[in-house]
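# Structural description and commentary
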Amino acid sequence: MTTPDATTLAFQSHRPRLFGIAYRMLGSAEEAEDTVQDAYLRWRAADRSDVGHPGAFLARTVTRLCLNRLDSARARREVYTGPWLPEPVLTGSGVLGPLESAEQRDQVSMALLVLLEQLTPAERAVYVLREAFGYGHREIAGLLELSEANCRQLYRRAGTRLAGRRPRFTADDGRWHELVDRFLTAAREGDLAGLERLLATDVVCVSDGGDQVSAARRPVVGRDKAARYLLGTLERFAAGLALTPVEVNGGPGVLVGPPEAPLCALALDFRDGLLEAVRTVVNPEKLVFLRGQLSHSGGPSGLS
């Protein structure tokens, strides 16, 4: 095995943060990986005498590469078949950086990543750097080559667009295992009444199959409809398959299918002991990164 040189080692020390920035910016783990690799190539080609602070250089490089990608990504999503969801990521291993607080976990939730699609690329960059990584407005201005006043204005605009959204996590965090177990038990037993008792009145189910797999083209809203939809879908497509609890995007989730190569991933949002959102990714193209995580780790590690 070749020993990494000093240039590579320096890059690797910043890699988790760079991937975290790129994933939050793009909502795609595969594109985030490509972006980080492009940043590495630029890092290797850079004149070290011009790099005063490697961390700042790399963060600036990744952010600008993401900005270049966002316009084309938005165009693709405008013609996407059915609802669009981010690529799910298993976060128990810290791949997106430390998720030690409810606020940090919320910053990688599917719910927030979907809402970030409402922002302009510049607003999204400022919001991610400020909220998820704690950069000051002066630092962000340097990274984006904007004025500090402009960055503050972009941050305010982003906050206004996202105003009114409810953070995903409450005091129920410690009840993940119990709530997920109840969900899985009802699903495995086809217990419609038991599942309905677990769902919020205004629960919403969103499925992303793209043009690859048949999935609901519109969100399913409401306790009765959602319960019947979830059980019917599981009976048709998941009968006899493993249902494995995991941590997905900083919260409770379930993998359906072989533990080493799941056919879909569910992200579950609970509030006050009730399930208020189920986001299901069945598009196989969006499961490539997650399956890679499983192959490298030897399988799901369960909820943390």
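Residues numbered from 1 in each chain as written. Predicted model: local features only at pLDDT ≥ 70, side-chain atom pairs only at ≥ 80, totals over all residues. Heavy atoms only, no water.

### Description of the sheet that holds strand E4 (residues 251–256)
Reading across from one edge, E2-E1-E6-E5-E4-E3 is the order of the six strands in this open sheet, with mixed pairing throughout. On the outer flanks of this sheet lie strand E2 (220–221) and strand E3 (243–248), each paired with one strand and no other. Here E3 runs beside E4; their pairing, made up of six bridges, is antiparallel. What sits directly across from Thr244, in E4, is Leu255. The sheet strands contacting helix H11 (residues 223–237) are strand E1 (199–208), E2 and strand E6 (274–281), and the helix crosses E1 at an angle near 45°. (Pairing = 2+ DSSP bridges. Helix = DSSP H or I, 4+ residues; strand = E, 2+ residues; numbered from the N terminus. Contact = heavy atoms within 4.5 Å. Axes fitted to C-alpha atoms, helices over the stretch in contact; angles between N-to-C directions.)

### Comments concerning helix H3 (residues 54–78)
Its 25 residues give H3 an end-to-end C-alpha distance of 36 Å, which sits within 8% of 36 Å, the value for a rise of 1.5 Å per residue. Approximately 30° is the largest bend angle found in H3, and it occurs at Leu70. On the buried face of H3, the contacting elements are helix H1 (6–26), helix H2 (29–45), helix H6 (121–132) and helix H7 (137–144). (Expected span 1.5 Å × (residues − 1). Bend = angle between axes of the 7 residues up to and from the residue.)

### Describing the packing of H1 against H2
Axis separation between H1 and H2 bottoms out at 9 Å; the angle between their running directions is 145°. Like other packed secondary-structure pairs, H1 and H2 cross with a definite hand, here right-handed. In this structure, H1 contributes Thr7, Thr8, Ala10, Phe11, Arg15, Leu18, Phe19, Ala22, Tyr23 and Leu26 to the contact, and H2 contributes Ala29, Glu31, Ala32, Glu33, Thr35, Val36, Ala39, Tyr40, Trp43 and Arg44. When its residues are assigned to classes, the contact of H1 with H2 shows 13 nonpolar, three polar and four charged. (Left-handed = near helix turned anticlockwise from the far one by under 90°. Nonpolar A, V, L, I, M, F, W, Y, C, P; charged D, E, K, R; others polar.)

### Some thoughts on the packing of H7 against helix H8 (residues 148–162)
In contact at an axis separation of 8 Å, H7 and H8 are set at 105° when each is read in the N-to-C sense. Judged on the interaxial angle alone, H8 and H7 are roughly perpendicular. Facing His137, Arg138, Ile140 and Ala141 of H7, the residues of H8 in contact are Glu148, Cys151, Arg152 and Tyr155. (Parallel < 35°, antiparallel > 145°, perpendicular 65-115°, else oblique.)

### A look at the pairing of strand E5 (residues 264–271)
On any regular strand, side chains alternate: one points to one face of the sheet, the next to the other face. Extensive coverage of E5 is indicated by the burial of eight of its eight residues. The side-chain alternation of E5 yields two buried faces, one formed by Cys264, Leu266, Leu268 and Phe270 and the other by Ala265, Ala267, Asp269 and Arg271. With four bridges joining them, E4 and E5 adopt antiparallel strand pairing. Residue pairing in the sheet places Val256 in a bridge with Cys264 of E5. When E5 meets E6, the two strands line up antiparallel, connected through seven bridges. (Buried < 20%, exposed > 50% of the residue type's maximum accessible area, 1.4 Å probe, protein only.)

### Examining helix H12 (residues 288–297)
All of the buried residues along H12 are Phe289, Leu290, Gln293 and Leu294. Buried residues of H12, seen end-on, are gathered within an arc of 145° and therefore sit on one face of the element. Turned more than 90 degrees from where H12 packs its buried face, Ser295 and His296 sit exposed. Summarising the contacts, the buried residues of H12 are in contact with H1, H2, E4 and E5. Of the residues one or two after H12, Gly298 is the one with positive phi, at around 90°. (Arc of directions from axis to C-beta.)

### Observations concerning the pairing of E4
Counting buried positions over the six residues of E4 gives six, a clear majority of the element. The antiparallel pairing of E3 with E4 creates a hairpin that spans two residues between the two strands, and Asn249 there sits at a positive phi of about 50°.

### So, the environment of Ala238
Relative to the helices and strands, Ala238 resides in the loop between H11 and E3. Ala238 gets classed as buried once you look at its relative accessible area, which sits at 11%. Beyond its immediate stretch of four places on either side in the chain, Ala238 contacts Thr233 and Val256.

### Some thoughts on the packing of aromatic side chains
A complete count under the given rule lists five aromatic pairs for this structure. Ring geometry for Phe19 and Phe289: centres 5.4 Å apart, planes at 20°, overall stacked. With Phe19 in helix H1 and Phe289 in helix H12, this residue pair connects regions lying 270 residues apart in the sequence. An identical accessibility class is assigned to Phe19 and Phe289; each is buried. Between the aromatic rings of Tyr127 and Tyr155, the centroid separation amounts to 6.4 Å while the plane-to-plane angle is 25°, which identifies the pairing as stacked. Linking Tyr127 in helix H6 with Tyr155 in helix H8, this pair joins segments that are 28 residues apart in sequence. Note on Tyr155: relative accessible area 23%, which makes it partly exposed. (Phe/Tyr/Trp six-rings, centres within 6.5 Å; stacked < 30°, edge-to-face > 60°.)

Everything listed here is a matter of coordinates, which is why it stays silent on function.
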